[in-house]
Amino acid sequence: MPESSTKKVLCRYFGDCGGCQTQDLAYEDQLERKSDTLQALFSDYWEKPIPVDPSPIQFHYRNKVDMNFARKQYDEKPPDDFVRETVLGFNKRGKWYFPLDIHECLIGAESLTKITAATRNWVQQHDYRAVDRKAKDGILRILLHRESKRTGQGMIVLITSDGELDTDSFVESILKVYPAVSIYRGIYRGSARETFADELHLLHGSEHITEELHIPDGDDIRKLQFRISPFSFFQTNSLGAELLYGKIRAWVKEINPSILYDLYGGAGGIAFSCSDLVDLVRSVEVVESATLDGEFNAKTNNIDNVFFTTEKIRAYLQNILDQGGMEPTSAVVVDPPREGLTPKPLRRLIQAAPPHILYVSCKPSVFAEELADFSKQYIITDMHAIDLFPHTDHVELVTALKRKY
């Protein structure tokens, strides 16, 4: 249940760090604010209240955290020949160029504190430095930590530029404080700040970790296992994702389609949550490693009616249109990234004319803009939100759409 009464700010970085925006509010007030924001945002399309279900846990809920290595910023500019200290953390709120040295994170896993401390000691012992584009030196980029909530399995990915690195001592430093199932080094040769690698080298343990989800289904629970790769998409709040997938499962039960299209399907979370309710599921995902995880997960869960395609959504939908559109007994679940569907996939999805669409939005303001196009052909039958991101302004919105004719 959400917390009540006046809330104390617990994180020493709150106000400076851009990770949390509302940690100073009681959790019940956070939920009320999110509901009010959604109602105001969609007032032109939906008059009923939009409830926001609380996250099962409000702290240490994230199963994935990626922290940046960067050169320290100072209040006064140091001399040009000064070698700035390497820090590890997140960016200052509203200042992407200003890194903060973060030693704990109350929405990341509890184990993150020990992991970052061990990493800092290793960096200092070897005098490694963060990549600096101005100085054109350094090697360290990102420390990625993934930890399953149900199984407790953990993965560490150290992303760097090309160059010599004592990876054996890194592995040793991590294992002294944390029983990682998997440790990687990733090499990224681009200039952008993103959690990605052109090469991956397994340094220790298994190539993957496993998460288990317990999907509510009335009085029953549908248990599923998922293989997680370093860069596969998986909802960052595992316990909250169980509630989300339970909502999707209930919707599929209600409309009873024979074919379910799972667009932006990731490693199969939505597909597997509903696969026993339909004849077949077509899951489409652009990231090949996620598709491979999905195919593996299907075998692990003894599911044989989910078919995976690795393709851009706009190209996949164009193929559907070329074949005459979607079947009259089909339904679509679409769970796009924060930028939404974007114009071409949006237009092609509407032209494909599925009778039912369930839109899962992690950035409702983008979906609100897309509703202008959807509303020409579809009506809203339900709007419901799940708080997958406590102490932030973000919320996951689920909207059921039904074709007008």
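Everything here concerns the structure above.
Notes on the structure in this doc start here. (Residues numbered from 1 in each chain as written. Predicted model: local features only at pLDDT ≥ 70, side-chain atom pairs only at ≥ 80, totals over all residues. Heavy atoms only, no water.)

### Some remarks on the overall build of the protein chain
Stage number 1. Regarding its fold elements, the protein chain presents 9 helices and 18 strands.
Stage number 2. Its C-alpha atoms give the protein chain a radius of gyration of 22 Å, near enough to 22 Å, the size a compact globule of 405 residues would have.
Stage number 3. Taking the principal axes of the C-alpha coordinates as reference, the protein chain spans close to 70 × 45 × 40 Å.
Stage number 4. Burial statistics for the protein chain: of 405 residues in total, 53% are counted as buried.
Stage number 5. Excluding contacts between residues fewer than 6 apart, the proportion of contacts in the protein chain whose partners are at least 24 apart in sequence is 66%. (Helix = DSSP H or I, 4+ residues; strand = E, 2+ residues; numbered from the N terminus. Rg over C-alpha atoms; globule rule 2.2 N^0.38 Å. Buried < 20%, exposed > 50% of the residue type's maximum accessible area, 1.4 Å probe, protein only. Contact = heavy atoms within 4.5 Å.)

### Things to note about the packing of aromatic side chains
Stage number 1. Summed over the entire model, instances satisfying the criterion amount to 13 aromatic pairs.
Stage number 2. A centroid spacing of 6.0 Å and a plane angle of 85° characterise the contact between Tyr-359 and Phe-374, whose relative ring orientation is edge-to-face. Here the residue Tyr-359 occupies a position in strand β16 (residues 356–361), and Phe-374 occupies one in helix α9 (residues 364–374), the gap between them amounting to 15 residues. The exposure classification of Tyr-359 matches that of Phe-374, with both residues buried.
Stage number 3. Counting every residue linked through ring pairs, the aromatic cluster contains Phe-42, Tyr-359, Phe-367, Phe-374 and Tyr-378.
Stage number 4. Over the ring of Phe-14 we find Arg-93; its NZ or CZ atom is 5.6 Å from the centre of that ring.
Stage number 5. Sitting over the face of the ring of Phe-296, Arg-227 holds its NZ or CZ atom 4.3 Å from the ring centroid. (Phe/Tyr/Trp six-rings, centres within 6.5 Å; stacked < 30°, edge-to-face > 60°. Lys NZ or Arg CZ within 6 Å of the ring centre and 35° of its normal.)

### Describing the pattern of salt bridges
Stage number 1. Taken as a whole and judged by the stated rule, the model has 20 salt bridges.
Stage number 2. Residues Arg-120 and Asp-101 are paired through a salt bridge, measuring 3.0 Å at the closest nitrogen-oxygen approach. One end of the pair, Arg-120, is in helix α2 (residues 112–126); the other, Asp-101, is in the loop between β5 (95–99) and α2, and 19 residues separate them in sequence.
Stage number 3. Between Asp-276 and Arg-249 there is a salt bridge, with its nearest N and O atoms 2.7 Å apart. Placement of the pair is Asp-276 in the loop between α5 (269–274) and β13 (280–285) and Arg-249 in helix α4 (residues 238–255), with a sequence separation of 27 residues. (Salt bridge = Lys/Arg side-chain N within 4 Å of Asp/Glu carboxyl O.)

### Notes on the nonpolar core
Stage number 1. Core analysis: the biggest nonpolar cluster contains 75 residues, and Ile-156, Ile-248 and Leu-260 have the highest contact counts within it.
Stage number 2. The biggest single contributor to this core is α4, with 6 residues.
Stage number 3. Not counting residues up to four positions away in its chain, the partners in contact with Ile-156 are Ile-115, Leu-143, Leu-144, His-145, Phe-170, Ile-174, Tyr-178, Ala-180, Ser-182, Ile-183 and Tyr-184.
Stage number 4. Counting residues in each nonpolar core, the second largest holds 38 residues, with Leu-317, Val-334, Leu-346 and Ala-385 among its members. (Core = buried A, V, L, I, M, F, W, Y, C linked by side-chain atoms within 4.5 Å.)

### Digging into the sheet that holds strand β18 (residues 396–403)
Stage number 1. Read from one edge to the other, the open sheet built from 8 strands follows the order β1-β17-β18-β16-β15-β12-β13-β14, with strand pairing classed as mixed. The strands lining the two open edges of the sheet, one partner per strand, are β1 (52–53) and β14 (306–310).
Stage number 2. Alignment of strand β12 (residues 259–263) against strand β15 (residues 330–334), held across 5 bridges, turns out to be parallel. Pairing of Leu-263 across the sheet is with Val-334, part of β15.
Stage number 3. Across the sheet, α9 lies against β16, β17 (378–386) and β18, angled at about 155° from β16, the strand it touches most. (Pairing = 2+ DSSP bridges. Axes fitted to C-alpha atoms, helices over the stretch in contact; angles between N-to-C directions.)

### Some details on a positive patch on the surface
Stage number 1. Together, Lys-312, Arg-314, Lys-344 and Arg-347 make up a region of like positive charge exposed at the surface.
Stage number 2. Of note, Lys-312 is situated in the loop between β14 and α7 (313–322).
Stage number 3. Given the relative accessible area of 47%, Lys-312 is considered partly exposed. (Patch = residues over 30% accessible without salt bridge, like charges linked within 9 Å, V, L, I, M, F, W, Y side chains within 5 Å. Areas by Shrake-Rupley, 256 points an atom, 1.4 Å probe, with all protein chains shown as cover. Lys, Arg positive; Asp, Glu negative; His and termini not counted. Charge placed at Lys NZ, Arg CZ, Asp CG, Glu CD.)

### A short note on the side chain of Asp-335
Stage number 1. Within the fold, Asp-335 resides in the loop between β15 and α8 (343–352).
Stage number 2. The side chain of Asp-335 is buried and forms no salt bridge, while Arg-338, the nearest opposite charge, is found at 10 Å.
Stage number 3. At 3.5 Å, the side chain of Asp-335 and the side chain of Gln-235 are in polar contact. (Polar contact = N/O pair within 3.5 Å; in protein donor to acceptor, adjacent residues only side chain to side chain.)

### Details of the side chain of Asn-63
Stage number 1. Structurally, Asn-63 can be placed in the loop between β1 and β2 (64–71).
Stage number 2. Here Gln-235 takes part through its backbone oxygen, which lies 2.8 Å from a polar atom of the side chain of Asn-63.
Stage number 3. There is a polar contact of 2.7 Å between the side chain of Asn-63 and the side chain of Ser-238.
Stage number 4. Residues in contact with Asn-63, not counting those within four places in the same chain, are His-145, Arg-146, Glu-147, Lys-149, Phe-234, Gln-235, Thr-236, Asn-237 and Ser-238.

### Observations concerning the packing of α8 against α9
Stage number 1. Relative to each other, α8 and α9 sit at 40°, their axes nearing to 11 Å. Considered as vectors, α8 and α9 are oriented oblique to each other. Here α8 and α9 pass one another in a crossing that is right-handed. Contacts between α8 and α9 involve Leu-346, Leu-349 and Ile-350 from the former and Glu-370, Asp-373 and Phe-374 from the latter.
Stage number 2. Here the contact of α8 with α9 is built from residues that sort into 4 nonpolar, no polar and 2 charged. (Parallel < 35°, antiparallel > 145°, perpendicular 65-115°, else oblique. Left-handed = near helix turned anticlockwise from the far one by under 90°. Nonpolar A, V, L, I, M, F, W, Y, C, P; charged D, E, K, R; others polar.)

### Points about the sheet that holds strand β8 (residues 182–187)
Sheets are built from strands paired through backbone hydrogen bonds, the pairs being either parallel or antiparallel.
Stage number 1. The strand order across the open sheet formed by 6 strands is β3-β2-β6-β7-β8-β9, and the pairing between neighbours is mixed. Of all the strands in the sheet, the pair left with one neighbour each is β3 (86–89) and β9 (199–205). Neighbouring strand axes in the sheet, compared pairwise and without regard to direction, differ in orientation by 20° on average.
Stage number 2. Of the strand pairs in this sheet, strand β6 (residues 140–147) and strand β7 (residues 154–160) are connected by 7 bridges, and their pairing is antiparallel. Across the sheet, Leu-143 pairs through a bridge with Leu-158, a residue of β7.

### Focus on helix α3 (residues 167–177)
Stage number 1. When we look at burial in α3, the residues that qualify are Thr-167, Ser-169, Phe-170, Val-171, Ser-173 and Ile-174.
Stage number 2. Of the surrounding elements, those touching the buried residues of α3 are α2, β6, β7, β8 and β9.

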